[in-house]
Amino acid sequence: AQTVTQSQPEMSVQEAETVTLSCTYDTSESDYYLFWYKQPPSRQMILVIRQEAYKQQNATENRFSVNFQKAAKSFSLKISDSQLGDAAMYFCAYREYGNKLVFGAGTILRVKS
Amino acid sequence: DGGITQSPKYLFRKEGQNVTLSCEQNLNHDAMYWYRQDPGQGLRLIYYSQIVNDFQKGDIAEGYSVSREKKESFPLTVTSAQKNPTAFYLCASSNRQANQPQHFGDGTRLSIL
């Protein structure tokens, strides 16, 4: 079974600084999709960014970017110019065609002003 | 606006009682999912449905039941067999293509009286 591991239970970053959240996964598939979701205190799940495994180019969405290392099965999220509104729980998730989403345990991100 | 509606927002269950959580979507999505989230934890899949009148067990299906009679609706029943039902429940939906993200409802918090 596929597994997703987030090794950092909690991270802190100073406002305006950059932080990187780690995620590794285990799969024998070659074609799959990876996602980062954000869950603020409101408990809503918000999609931050997605990456298709067949694309070598790392996905970017404004201040959010990923470092996708397919051979290492690593999918880290970089948040640049951190803002107070970025404080949330972040989940890494894996999905293959026609299959369910597998989530990591999450990383709590605290942003200090 | 299209979206996913979960109701109620808060629900209380008495000992030995079955309760049903509602999930409705108007996104025309084929697939729907139910997740359970315990405090400080990630999301665990309870049940999912890829198409009307069909559903599969997730990782923690014991003590839960679902139905999928309509494309728009995927209610979850927490039965008396679920001995520890206190948790936050999230419903999600998506197109069946793996590159499409899951969209989430705002969740239902279930507590035992």
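Small disclaimer: the values here were computed from a predicted structure and weren't measured. (Residues numbered from 1 in each chain as written. Chains lettered and ligands numbered in written order. Predicted model: local features only at pLDDT ≥ 70, side-chain atom pairs only at ≥ 80, totals over all residues. Heavy atoms only, no water.)

Concerning the overall build of chain B
Right, so step 1: Counting its regular elements, chain B contains 0 helices and 11 strands.
Right, so step 2: Taking 2.2 N^0.38 as the reference for a compact globule, 113 residues should give roughly 13 Å; the C-alpha atoms of chain B span a radius of gyration of 13 Å, in line with that estimate.
Right, so step 3: Taken along the three principal axes of its C-alpha coordinates, chain B extends 40 × 25 × 25 Å.
Right, so step 4: Classification of the 113 residues of chain B by burial places 50% in the buried group.
Right, so step 5: In chain B, of all internal contacts separated by at least 6 residues, the share reaching a separation of at least 24 is 53%.
Right, so step 6: As displayed, chain B has an accessible area near 5,400 Å², and 44% of this comes from carbon and sulfur atoms. (Helix = DSSP H or I, 4+ residues; strand = E, 2+ residues; numbered from the N terminus. Rg over C-alpha atoms; globule rule 2.2 N^0.38 Å. Buried < 20%, exposed > 50% of the residue type's maximum accessible area, 1.4 Å probe, protein only. Contact = heavy atoms within 4.5 Å. Areas by Shrake-Rupley, 256 points an atom, 1.4 Å probe, with all protein chains shown as cover.)

Notes on the environment of A:Leu84
Residue and element names in this part refer to chain A.
Right, so step 1: One can find Leu84 in the loop between strand E9 (74-79) and strand E10 (88-96).
Right, so step 2: C-alpha of Leu84 to C-alpha of Thr20: the two residues are 64 residues apart in sequence and 16 Å apart in space.
Right, so step 3: Once residues lying within four places of it in the same chain are set aside, the contact partners of Leu84 are Glu15, Val111 and Ser113.

Structural notes on the pattern of salt bridges
Right, so step 1: Scanning all chains against the criterion turns up 7 salt bridges over all chains.
Right, so step 2: With a closest N to O distance of 3.3 Å, A:Lys55 and A:Glu52 form a salt bridge.
Right, so step 3: Among the residues examined, A:Glu52 registers a relative accessible area of 12% and is labelled buried.
Right, so step 4: A salt bridge links B:Arg36 to B:Asp38; the nearest nitrogen and oxygen atoms lie 3.0 Å apart.
Right, so step 5: Connected via shared salt-bridge partners are B:Arg36, B:Asp38 and B:Arg44. (Salt bridge = Lys/Arg side-chain N within 4 Å of Asp/Glu carboxyl O.)

So, unusual backbone geometry
Right, so step 1: For the peptide bond that leads from B:Ser7 to B:Pro8, omega is -10 degrees, which places it in the cis range.
Right, so step 2: Located in the positive-phi region is A:Asp81, a residue other than glycine, with phi close to 50 degrees.
Right, so step 3: Checked against the element boundaries, A:Asp81 lands in the loop between E9 and E10.
Right, so step 4: We classify A:Asp81 as partly exposed; its relative accessible area is 39%.

Some points on the interface of chain A and chain B
Reports of interface size often rely on the accessible area that becomes lost once the parts have come together.
Right, so step 1: At the interface, 22 residues of chain A touch 25 residues of chain B.
Right, so step 2: Summed over both sides, the interface between chain A and chain B buries roughly 1,900 Å², with carbon and sulfur atoms accounting for 53% of that surface.
Right, so step 3: The largest per-residue losses of area from chain A upon contact with chain B belong to A:Arg43, A:Arg95 and A:Lys100, which jointly make up 34% of the total buried on that side.
Right, so step 4: Here chain A is connected to chain B by 0 salt bridges.
Right, so step 5: For the interface between chain A and chain B, the tally reads 7 residue pairs in polar contact (both at pLDDT 80 or more).
Right, so step 6: Those elements that provide at least two residues to the side of chain A that touches chain B are strand E5 (32-39), strand E6 (46-52), E10 and strand E11 (101-103) of chain A. (Buried area = accessible area lost by both parts, 1.4 Å probe. Polar contact = N/O pair within 3.5 Å; in protein donor to acceptor, adjacent residues only side chain to side chain.)

Quick look at the pairing of strand E4 (residues 31-37) of chain B
Residues and elements named next belong to chain B.
Right, so step 1: Most of E4 is tucked away: 7 of the 7 residues are buried.
Right, so step 2: Covered by surrounding structure in E4 are Ala31, Tyr33, Tyr35 and Gln37 together with Met32, Trp34 and Arg36, the residues of both alternating faces.
Right, so step 3: Bridge count for E4 against strand E9 (residues 87-94) is 7 bridges, and the pairing is antiparallel. Bridge assignment links Gln37 to a residue of E9, and that residue is Phe88.
Right, so step 4: Summarising the sheet, E4 and strand E5 (residues 43-51) pair through 6 bridges and their orientation is antiparallel. Paired with Met32 across the two strands is Ser49, which belongs to E5. (Pairing = 2+ DSSP bridges.)

Concerning the packing of aromatic side chains
The description of an aromatic ring pair uses the distance of the two centres, along with the angle that the planes make with each other.
Right, so step 1: The final tally for this structure, using the stated rule, is 16 aromatic pairs over all chains.
Right, so step 2: Between A:Phe103 and B:Phe104 the ring centres are 6.3 Å apart and the planes differ by 65 degrees, which places this aromatic pair in the edge-to-face class. Remark: B:Phe104 occurs in strand E10 (residues 103-104) and A:Phe103 occurs in strand E11; the pair is interchain, linking two chains.
Right, so step 3: Relative accessible area serves as the criterion here: at 9%, A:Phe103 is assigned to the buried category.
Right, so step 4: B:Phe104 gets classed as buried once you look at its relative accessible area, which sits at 11%.
Right, so step 5: A centroid spacing of 5.9 Å and a plane angle of 80 degrees characterise the contact between B:Tyr47 and B:Phe55, whose relative ring orientation is edge-to-face.
Right, so step 6: On the basis of relative accessible area, B:Tyr47 is assigned to the buried category, the value being 7%. (Phe/Tyr/Trp six-rings, centres within 6.5 Å; stacked < 30°, edge-to-face > 60°.)

Worth remembering: the numbers are spatial, not functional.
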